[in-house]
Amino acid sequence: MREGARDTLPIALGIASWGLVAGVAMAKSGMGVPLALLMSLVTYAGSAQIAALPLIAADAPIWVVWGTTLCVSLRFMAFSFHFRPFFSHLPLGRRIGISFLMGDTNFAVFAHRFPETEALPGVGYTDYFVGSAVVGFVFWQVAISIGILLGSGIPASWGLGFAGVMALLALTCTQLHTPSSWAAAVVAGCAAVAAYALPMKLNVVVAIAAAVAVGVLSERIASWRKGAMP
Amino acid sequence: MSQGEILVTILGMALVVLLCRSAFMLTRDELPMPTWLREGLRYAPVAALTAVVAPELVLTQGHLITDWRDARVFGAAAGLAFYVWRPSLFGTIVCGTGVMLALRFGLGW
């Protein structure tokens, strides 16, 4: 557990600055401090929260907000798929608890520490995940609460959001071990930029689909080459 | 929206996000999924990370940047160079953000 926490601390700077930015955005939305705090506590998903703010402010129908949340959160299913083999033996309650804490940071830290795709016997996956996820959760919640409470007292020109972007960039680098993961990342990046005009962050879903297609192709080519060589 | 409606909206959002996160965690049964898809989905998480980062670096208000003097691109390049030199997450974040801020405030990019 301690190891998971220690591996996550270096990224806490990125989590905290991104949380602060999200908190300021929530404060400016005018929904009021108690609801803003409640929203970050129960949804714990910065991108979904920020996507919902203008809709709530514009009095959009509730189902539109939920639909947007769904589209923005589809990428979490990718993390869910990755974590499944490591936690499927746990009771349902704990699996749901782990699901609640899942995010970009703890996925990348976990996948870097444990590159295997199937669970090995006797490894403390759960302890490591909980250590990492709790550090991320605490830093995020403290930062976003400060952002909500201080609101516009924090100037946007500090470039705080950029520290969050750099954190994600660094985490992405930890995942690029093989040529095919490079190919998948480049394709995903290009697709996400090209499809940026799509509503509700669906460009991320397009990018994931494109990268999965490239992944399938490169696995095929690799196994075909292996078969061709004596 | 009234405060009550916002409350309902928030609780629904929380449920939707949790359902996405737990999508593959709820059942223990073998997933009916062809091998090729299983292999391909291994690339989904790294794609999700890249897809969030890339537009943040090269788009301004939804348009591709046209001026090469963009502090973000150089900040990201500095961060990447640092990561190649020393794969430290903290160093990468500090180096990239530092270069971006230096260019933005020092040179006004």
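Structure shown above.
Structural notes, computed from the coordinates. (Residues numbered from 1 in each chain as written. Chains lettered and ligands numbered in written order. Predicted model: local features only at pLDDT ≥ 70, side-chain atom pairs only at ≥ 80, totals over all residues. Heavy atoms only, no water.)

Residues and elements named next belong to chain A. Not every positive phi belongs to a glycine, and Asp59 is a case in point at roughly 60 degrees. When you line up the elements, Asp59 lands in the loop between helix H4 (46-57) and helix H5 (62-73). Its identity as a non-glycine residue notwithstanding, Lys201 has a phi of 55 degrees, on the positive side. Relative to the elements of secondary structure, Lys201 occurs in the loop between helix H11 (179-194) and helix H12 (202-228). (Helix = DSSP H or I, 4+ residues; strand = E, 2+ residues; numbered from the N terminus.)

It is worth spelling out the pattern of salt bridges at this point. Applying the stated criterion to the full structure yields 4 salt bridges over all chains. Of the charged contacts, one joins A:Asp104 and A:Arg75 as a salt bridge, the two residues approaching to 2.6 Å between their closest N and O atoms. In this pair, A:Asp104 is assigned in helix H8 (residues 104-113) and A:Arg75 in the loop between H5 and helix H6 (76-87), connecting sequence segments 29 residues apart. A:Arg75 carries the same exposure label as A:Asp104, and that label is buried. Among the ionic pairs, B:Arg42 bridges to A:Glu219, the shortest N-O distance being 3.3 Å. With B:Arg42 in the loop between helix H2 (35-41) and helix H3 (44-58) and A:Glu219 in helix H12, this residue pair bridges two chains. Residue classification places B:Arg42 among the partly exposed residues on the basis of a relative accessible area of 41%. (Salt bridge = Lys/Arg side-chain N within 4 Å of Asp/Glu carboxyl O. Buried < 20%, exposed > 50% of the residue type's maximum accessible area, 1.4 Å probe, protein only.)

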